[in-house]
Structure formats: C-alpha cells, structure tokens
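What follows is the residue order along each chain.
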Amino acid sequence: MAVIAKNNPNIKVTIVDINQERINAWNDSDTSNLPIYEPGLAGIVEETRGKNLFFSTEIDKAIDESEMIFISVNTPTKTYGKGKGMAADLKYVELCARNIAKVAKTDKIVVEKSTLPVRTAQAIKSILDNTGSDVNFSILSNPEFLAEGTAIQDLLNPDRVLIGGESEEAIESLASIYGSWVPESQILRTNVWSSELSKLTANAFLAQRISSINAISELCEKTEANVDEVAKAIGMDSRIGSKFLKSSVGFGGSCFQKDILNLVYIARSYNLQAVADYWEQVITLNNHQKRRFADNLISTLYNTVSGKKIGFLGWAFKKDTNDTRESAAIYVADHLLNEQAHIAVYDPKVSSVKIQSDLNYLNTRSEDENKRLIEAKDSPYEALNDAHAVAIMTEWDEFKTYDWHKIYTKMKKPAFIFDGRNILDQSKMEKIGFDYYSIGK
Ligand code: UDX
C-alpha cells in the first residue's frame, strides 16, 4: 500500500487495523519503530505518510469513504475443526467481508490481497450480495508475489501483476493504479479462479525447487558430489533456470508450507489423491531436511549435545527480515533442546522475546524450561563464546565478515561449524582449525 501511495500521489490510501498498538507503531515519527523491518520501506512511509498514506483504527469510516478496498488479513492454517493443520482459516476474511457489507452505502471494488483457497471470491461475493441494500460489489483477486527482505524492490519492479475478476471496469480500475509504474505488458488479466490458483501454484513450484535441490543435497553428501556445483550445472540449462536452487537447512516463511498444505487439502477435498500426495512430498522432504541437519549435528558431536552450548547464528527464516514464521531455526532448536542442548542465539534483527514465543508456541516443554535452555545474545561473539558448535541458520551477509579466528580461539575444541546456508568458505574455515560441515558437500 505504501508503494501504491508513492506511485499514485492523487490516490488517498488508508490502512486500517483493529490493533491500536500496531497502528500507533506505523504512525511513530521515528520510522525505526515501524512494526516490519523491510529494506527501503521506512523511506517510502516517511515520504508518503500524512500526504496520501494514512494509518488508522477507524475501520468503518475508511470503508465508507473508499471506492476500492483491499482485504489483506492473514489466512493462517486452521488449528481446529475440519481441515485442522491443512486448510486455510478464512475467519478473518469473512469478518472483513461482513464488516464491508454492513457499512458500505456506495458501490465498492473489493480486492482479495490475502492468499486464499480457490473459489473464496464466491464466498465473499455471496456475503456481500446478501446485505439487502442495493450497493453493488465487484470482487477482484490480486495476489501478492513479493518476497520478504526484497519486498520494496519486488513491488517496484514486479515480474508481473495478476488481476482476476469478472467486471472489466473493476479490473481496469485496479490495472490503472498499477499502470502508474508497471508496464502494461506485465499486468495480466485472468478469471478469478485462475488468479487465486496461480498464487498457490507459484508458491508450490518455488518450494518444490528447494525441496528438489535439498533432496539432491543428501545424495551429494553420500557420493562426494557438490550440491552447489550440481545446482550451477543444471541452472545453466535455460529450461531449468538458476534461481531458487540454493540448498539449505530447509525453507521457512509464512507462505510456502501454508499454501502447499492448503493446495493438498483442496486436492483431497476433490478426491484427487495422487495430486495431493505429489505436493505433500514437498513438505515431507523439507521436514526431513531440518531434522537431518539437527541429527547430523548431534551425531558429529559424539552422539550427545546434553549440557553442551551450541551457538546459533540467525533465527529469521531468511536474511534481511525480522520475520521468524516457520523458520527452520525453530525446529532445529526444538530438536536439540529435546536432547538437552543449551542454545545461545544471535540474530541481528530478532529479539529474545520472539525466540521464546516461537518455541513456546510449539508447546514441546514448559516456558520456564525454554527460558533456561535457550537465550539470545547481543553479539555473535557472546553467543559463540565457549560453544562446542556454531549452527548457521540464516544467510545474513554480516556472518561472512566476522573475525572467525577470534571466534575459533574462544570456542571449545574441536570447534565445529554446521553451515545450514553454505555461506562460509570451507577451506578458509578448515585452515583456521574448524571442523566444517555444510549442506550437500
Ligand atoms: C515467498 C515467495 O517467494 C513470494 O513470491 C510469495 O509472495 C511469498 O512467499 P518469502 O517467503 O518472503 O516469499 O521468501 P523466499 O525468498 O521465497 O524464501 C522462502 C524460504 O526459502 C526461505 O526460508 C529461504 O531461505 C528459502 N530458500 C529460498 C532456500 O532455501 N533456497 C532458495 O534457493 C531460495
């Protein structure tokens, strides 16, 4: 919305939320206090806020005044009832639709921005069309393809913008907003269902590439092939392409797992077992990769990590973000804590409170025990002091620039590195004295 406001100074954009604290943070004059860390975002908020970008909790007023409303609430995996653990929870989307239906007195274009299962637009339309008033609603699907950490760049230069809908007038109205900075040839128009399904499919394909290369990484470790070399060799085939072939400790983030589970659930609900089983394997392999990393660390440390200090570099699910949702670090830590390891974490952007709440959410052990076994440190050197092993969980650039000589002298010997992101130089680390393990080599 900030990027839309920046590129359309004549359009007033109001972002509303029921959470007063969040809205206050978005209105904070010190933009380092914004609730989301994303390179380039603070500058755009500073440039547009108070001019044509506003943050408010006055939801009904904003609905009343708007011609176009984006529903951008979260659609987490259901934690209860039918479809528990698989289906998307549409509670918040439905509440939004009902709120719009209740308040609207003039015609509106309602845009699904949240990632939604196929045919959700139908449910929204049915709620909006049964208000008893003569207000006319057009529903559009406009999924978001930005990736965290590069959100602003992705929004300023998108590969494509996708708009699904029935009403040509509504589609063109949204297309003209994007048209102020996105070339016309990159604005795709489809029917609503194609648009909804394209979002799930894009994420499933991206995640599938990571699971595919991660599956090969395990084979590389047995055969003395090098996964980075294999990725480079296959990626130069233009039919395959070089992106998203970086082997890792496993993908995380709020989208991939949720959207694939959702896809699997939808396929099963149409009784398409083979389709569902096919996509489910992407998740199975990802879970295996995280588990394998932790198991390898334990077996290398002479089959026990009990009472040993393990230093984690990184907790976020990828670099340049403070987002930790579904981060591999959470699951690897949980497994090591089951083996009574002591973990000290350093992440440049993640707080100690977040780390504790991520682990508490899993409910594996008591909150007190999590507090006792894992702590966040203010510097990498503190986190690694006296540690038996370093586990690199996130590919933050700064990790490459540390004084690894100094770290080595402060660690227990033998000093192990488990590089879950393959970011350090193996021969350099071995020369310093480290026992260095990476993925797929
Ligand atoms: C993803 C999609 O890329 C984006 O289009 C969609 O809108 C939302 O979901 P995001 O989750 O922000 O974006 O990050 P992404 O860059 O896709 O990375 C997801 C996870 O995969 C991260 O944990 C990342 O470290 C991992 N990853 C990515 C790899 O392990 N290897 C790769 O080659 C690429």
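Here, every reference points to the structure presented above.
Bear in mind that the values here come from a model prediction, so they are computed numbers and not experimental data.

(A) Main features of the packing of helix H5 (residues 91–103) against helix H6 (residues 120–129). Remark: H5 packs on H6, axes separated minimally by 9 Å, with the N-to-C direction vectors making an angle of 30 degrees. When the interaxial angle is binned, H5 and H6 end up roughly parallel. Regarding H5 and H6, the two cross each other, and that crossing is right-handed. Together, Val 93, Glu 94, Ala 97, Arg 98, Ile 100 and Ala 101 of H5 and Ile 124, Ile 127 and Leu 128 of H6 make up the contact between the two elements.

(B) View of the state of the cysteines. For the structure shown, the criterion picks out zero disulfides. In this structure Cys 96 is not part of a disulfide, and its nearest cysteine sulfur, from Cys 255, lies 18 Å away. Residue Cys 96 is classed as partly exposed on the basis of its relative accessible area of 23%.

(C) The arrangement of the environment of Ala 329 in detail. Within the fold, Ala 329 resides in helix H13 (residues 328–338). Residue Ala 329 is classed as buried on the basis of its relative accessible area, which comes to 0%. Measuring from C-alpha to C-alpha, the distance between Ala 329 and Ile 392 comes to 8.9 Å, with 63 residues separating the pair along the chain. Setting aside chain neighbours within four positions, we find Ala 329 in contact with Phe 312, Gly 314, Trp 315 and Met 393.

Reading the values: the criteria
- Residues numbered from 1 in each chain as written.
- Predicted model: local features only at pLDDT ≥ 70, side-chain atom pairs only at ≥ 80, totals over all residues.
- Heavy atoms only, no water.
- Axes fitted to C-alpha atoms, helices over the stretch in contact; angles between N-to-C directions.
- Helix = DSSP H or I, 4+ residues; strand = E, 2+ residues; numbered from the N terminus.
- Parallel < 35°, antiparallel > 145°, perpendicular 65-115°, else oblique.
- Left-handed = near helix turned anticlockwise from the far one by under 90°.
- Contact = heavy atoms within 4.5 Å.
- Disulfide = S-S within 2.5 Å.
- Buried < 20%, exposed > 50% of the residue type's maximum accessible area, 1.4 Å probe, protein only.

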